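# Coordinate inspection notes
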Amino acid sequence: MAASDCYIVHEIYNGENAQDQFEYELEQALEAQYKYIVIEPTRIGDETARWITVGNCLHKTAVLSGAACLLTPLSLPAEYSRYVALPAGALSIACAALYGISWQFDPCCKYQVEYDSQKLSRLPLHTLTSSTPVVLVRRDDIHRKRLHNTIALAALAYCAKKIYELYAV
């Protein structure tokens, strides 16, 4: 692995604004699009990992609830399917919209937390002072965004059609 592939946000306290400096370093590393970012400071590492986890949860919820919306009419009788499909579709649309508004343009959305010890062993973690760093790996997320947006749009179309059918005279 090349040294230019990995950036380490070191936990070095020089002054009272150290936390701001850590955040600035992380922001610069995210915008520089390093393949790996190692975050030593516990607080900022945990916050970043939680932020990524929430984004992943929104993505998965949008996909799974959208799939439930679209597959429910195939598995339940027509008179019952709307009671599952419409709320599931609304959830899918809401999660995809929230992801699009809050996460889509955040540079963090291009990263995932790395837990694989075999992959972590290839990184220069021996130079760290922290025993529990958060390691981010850059991944292309265009396919996952297309997936949840396509499913959410299909769920929106289905829900709009069903609501029109319910209220049309």
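A brief look at the structure comes next. (Residues numbered from 1 in each chain as written. Predicted model: local features only at pLDDT ≥ 70, side-chain atom pairs only at ≥ 80, totals over all residues. Heavy atoms only, no water.)

## Topic: helix α1 (residues 18–32)
Given a rise of 1.5 Å per residue, 15 residues ought to cover 21 Å, and the 21 Å separating the end C-alpha atoms of α1 matches this to within 8%. Restricting attention to buried positions, one finds in α1 the residues Ala18, Gln19, Phe22, Glu25, Leu26, Ala29 and Leu30. Along α1, the residues classed as buried sweep out an arc of 135° about the axis, all on the same side. The inward-facing, buried residues of α1 contact β1 (6–9), β2 (36–39), α2 (42–75), β3 (111–113) and β4 (134–138). Two residues or fewer past α1, glutamine 33 is found with a positive phi of approximately 60°. (Helix = DSSP H or I, 4+ residues; strand = E, 2+ residues; numbered from the N terminus. Expected span 1.5 Å × (residues − 1). Buried < 20%, exposed > 50% of the residue type's maximum accessible area, 1.4 Å probe, protein only. Arc of directions from axis to C-beta. Contact = heavy atoms within 4.5 Å.)

## Overview of the nonpolar core
Judged by nonpolar contacts, the single largest core of 16 residues is most densely connected at Leu26, Leu30, Ile37, Ile39 and Leu136. If you list the elements that add at least two residues to this core, you get α1, β2, α2, β3 and β4. Tallying contributions element by element places α1 first for this core, with five residues. Setting aside its immediate chain neighbours within four residues, leucine 30 contacts Ile37, Pro107, Cys108, Tyr111 and Leu136. Counting nine residues, the second largest nonpolar core, distinct from the first, contains Tyr36, Val38, Val135 and Val137. (Core = buried A, V, L, I, M, F, W, Y, C linked by side-chain atoms within 4.5 Å.)

## Quick notes on the pattern of salt bridges
Applying the stated criterion across every chain yields a total of six salt bridges. We note a salt bridge from glutamate 47 to arginine 43, for which the minimum N-O separation is 3.2 Å. One end of the pair is glutamate 47 and the other is arginine 43, both in helix α2 and four residues apart, which spans about a single turn. One salt bridge in this structure joins lysine 161 and glutamate 165, with 2.9 Å as the shortest N-O distance. Highlighted residues: lysine 161 and glutamate 165, both in helix α5 (residues 142–167), separated by four residues, approximately one helical turn. (Salt bridge = Lys/Arg side-chain N within 4 Å of Asp/Glu carboxyl O.)

## Things to note about the packing of aromatic side chains
One pass over the full model with this rule turns up three aromatic pairs. Ring centres 5.3 Å apart and planes at 40° place the aromatic pair tyrosine 7 and tyrosine 34 in the tilted group. Here tyrosine 7, found in strand β1, pairs with tyrosine 34, found in the loop between α1 and β2; they are 27 residues apart in sequence, far enough to count as distant. Here tyrosine 34 falls in the partly exposed class, since its relative accessible area comes to 23%. Relative to tryptophan 103, the ring of tyrosine 99 lies with its centre 6.3 Å away and its plane at 15°, an arrangement referred to as stacked. For the pair tyrosine 99 and tryptophan 103, a shared accessibility class is recorded, and that class is buried. An aromatic cluster is defined as three or more aromatic residues linked by ring pairs; in this entry it consists of Trp51, Tyr99 and Trp103. Note that lysine 35 overlies the ring of tyrosine 36, its terminal NZ or CZ placed 5.8 Å from the centroid. (Phe/Tyr/Trp six-rings, centres within 6.5 Å; stacked < 30°, edge-to-face > 60°. Lys NZ or Arg CZ within 6 Å of the ring centre and 35° of its normal.)

## Some points on unusual backbone geometry
Phi is positive for glutamine 33, which is not a glycine, with a value near 60°. Structurally, the position occupied by glutamine 33 is in the loop between α1 and β2.

## Describing the side chain of histidine 148
On the secondary structure map, histidine 148 appears in helix α5. Apart from the residues within four sequence positions on either side, histidine 148 is in contact with His59, Ala62, Val63, Ala96 and Tyr99.

## Looking at a nonpolar patch on the surface
The grouping of Leu76, Tyr80, Tyr83 and Val84 at the surface amounts to a nonpolar patch, some 410 Å² of accessible area in total. Among the secondary structure elements, tyrosine 83 is positioned in helix α3 (residues 78–102). (Patch = residues over 30% accessible without salt bridge, like charges linked within 9 Å, V, L, I, M, F, W, Y side chains within 5 Å. Areas by Shrake-Rupley, 256 points an atom, 1.4 Å probe, with all protein chains shown as cover.)

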